[in-house]
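Understanding the architecture of this molecule
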Amino acid sequence: MELRNDWALFKIQLTIAFKERFYFVYTLLVPIFMVFLNKTLDFQDNESIYVYWSYIVVTTVFNGFLLNLVRLRESGFLKTLTYLSGSRHSIVLANLLVQLIIVQLEILLFNLYVTFFITHVSLLTFVYGFLTSSLITVLCAAMMSIFLS
């Protein structure tokens, strides 16, 4: 029963995240626009896109993870979900996993854009993007949650 509750919470958080499409402007379209404006810089080394990755991770965690939890709390939906699931931790974990998936998707889309329109990004850089953004998303969410508390 617990796994079904967690899966249902995950689907609810995923639905909420994809309904809020406007923050994708800040988290994905702004870095794409900025890398397009700065494409005259030396992008032959893949290290220059790490700055854009960090922006994507921080803004996604802030706009997606923290603001979603604040909205849930202010609307009273957090209490309802906590009552239904029995645990507030599973709600936060489901929200974190959804944001982790969104960060991975945004990093992938950003890297594809850079590869097709700016310069070739190596496969190893794609792997680095996946691994680094996974770790940094969890750490950033933990630090911002402590800050919010």
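Quick note: structure is the one above.
Structural notes, computed from the coordinates. Note that the structure is predicted; figures quoted are calculated from it, not measured.

**A short note on the overall build of the protein**
If you tally the helices and strands in the protein, you get six helices and zero strands. If you list the helices and strands of the protein from N to C, you get α-α-α-α-α-α. In the protein, buried positions account for 40% of the 149 residues. The long-range share in the protein, meaning contacts at least 24 apart out of those at least 6 apart in sequence, stands at 80%. As displayed, the protein has an accessible area near 9,100 Å², and 73% of this comes from carbon and sulfur atoms.

**A short note on the nonpolar core**
For soluble globular proteins, nonpolar side chains are generally found buried alongside one another. If you look at the biggest cluster of nonpolar residues, it comprises 34 residues, and the most contacted ones within it are Val35, Ile49, Val61, Phe65, Ile102, Phe110 and Val114. Elements supplying a minimum of two residues to this core: helix H1 (2-19), helix H2 (23-37), helix H3 (50-75), helix H5 (88-117) and helix H6 (123-148). Beyond its immediate sequence surroundings of up to four residues, Val61 is in contact with Leu66, Thr137, Cys140, Ala141 and Met144.

**Considerations on a nonpolar patch on the surface**
Residues Phe18, Leu105, Leu108, Leu109, Leu112, Phe116 and Phe117 make up a contiguous nonpolar surface patch of about 670 Å² in total accessible area. Ranked by residues supplied to the nonpolar patch, first place goes to H5 with six residues. Here Leu105 shows up in helix H5. Overall, the relative accessible area of 40% leaves Leu105 in the partly exposed class.

**Quick notes on H3**
Given 3.6 residues per helical turn, the α-helix brings residues three or four places apart onto the same face. For H3, spanning 26 residues, the distance from its first C-alpha to its last is 36 Å, which sits close to the expected 38 Å at 1.5 Å a residue. At Leu67, H3 shows its largest kink, close to 30 degrees. Once H3 ends, the next one or two residues include Gly76, with phi positive near 85 degrees.

**Some details on the packing of H2 against H3**
Two elements in contact, H2 and H3, have axes whose closest approach is 8 Å; the angle formed by their N-to-C orientations is 165 degrees. Relative to H3, H2 is oriented roughly antiparallel. Relative to H3, H2 is oriented so that their crossing is right-handed. Mapping the contact onto sequence places Tyr23, Tyr26, Thr27, Val30, Pro31, Met34 and Val35 in H2 and Tyr52, Tyr55, Ile56, Thr59, Thr60, Asn63 and Gly64 in H3. When grouped by side-chain class, the residues that make up the contact of H2 with H3 number nine nonpolar, five polar and no charged.

**Regarding the packing of aromatic side chains**
The tally for this structure, following the rule as stated, stands at five aromatic pairs. Ring geometry for Trp7 versus Phe10: centroids 5.5 Å apart, planes at 25 degrees, classification stacked. Within this pair, Trp7 and its partner Phe10 are both found in helix H1, separated by three residues, close to a single helical turn.

Calculation rules
- Residues numbered from 1 in each chain as written.
- Predicted model: local features only at pLDDT ≥ 70, side-chain atom pairs only at ≥ 80, totals over all residues.
- Heavy atoms only, no water.
- Helix = DSSP H or I, 4+ residues; strand = E, 2+ residues; numbered from the N terminus.
- Buried < 20%, exposed > 50% of the residue type's maximum accessible area, 1.4 Å probe, protein only.
- Contact = heavy atoms within 4.5 Å.
- Areas by Shrake-Rupley, 256 points an atom, 1.4 Å probe, with all protein chains shown as cover.
- Core = buried A, V, L, I, M, F, W, Y, C linked by side-chain atoms within 4.5 Å.
- Patch = residues over 30% accessible without salt bridge, like charges linked within 9 Å, V, L, I, M, F, W, Y side chains within 5 Å.
- Salt bridge = Lys/Arg side-chain N within 4 Å of Asp/Glu carboxyl O.
- Expected span 1.5 Å × (residues − 1).
- Bend = angle between axes of the 7 residues up to and from the residue.
- Axes fitted to C-alpha atoms, helices over the stretch in contact; angles between N-to-C directions.
- Parallel < 35°, antiparallel > 145°, perpendicular 65-115°, else oblique.
- Left-handed = near helix turned anticlockwise from the far one by under 90°.
- Nonpolar A, V, L, I, M, F, W, Y, C, P; charged D, E, K, R; others polar.
- Phe/Tyr/Trp six-rings, centres within 6.5 Å; stacked < 30°, edge-to-face > 60°.

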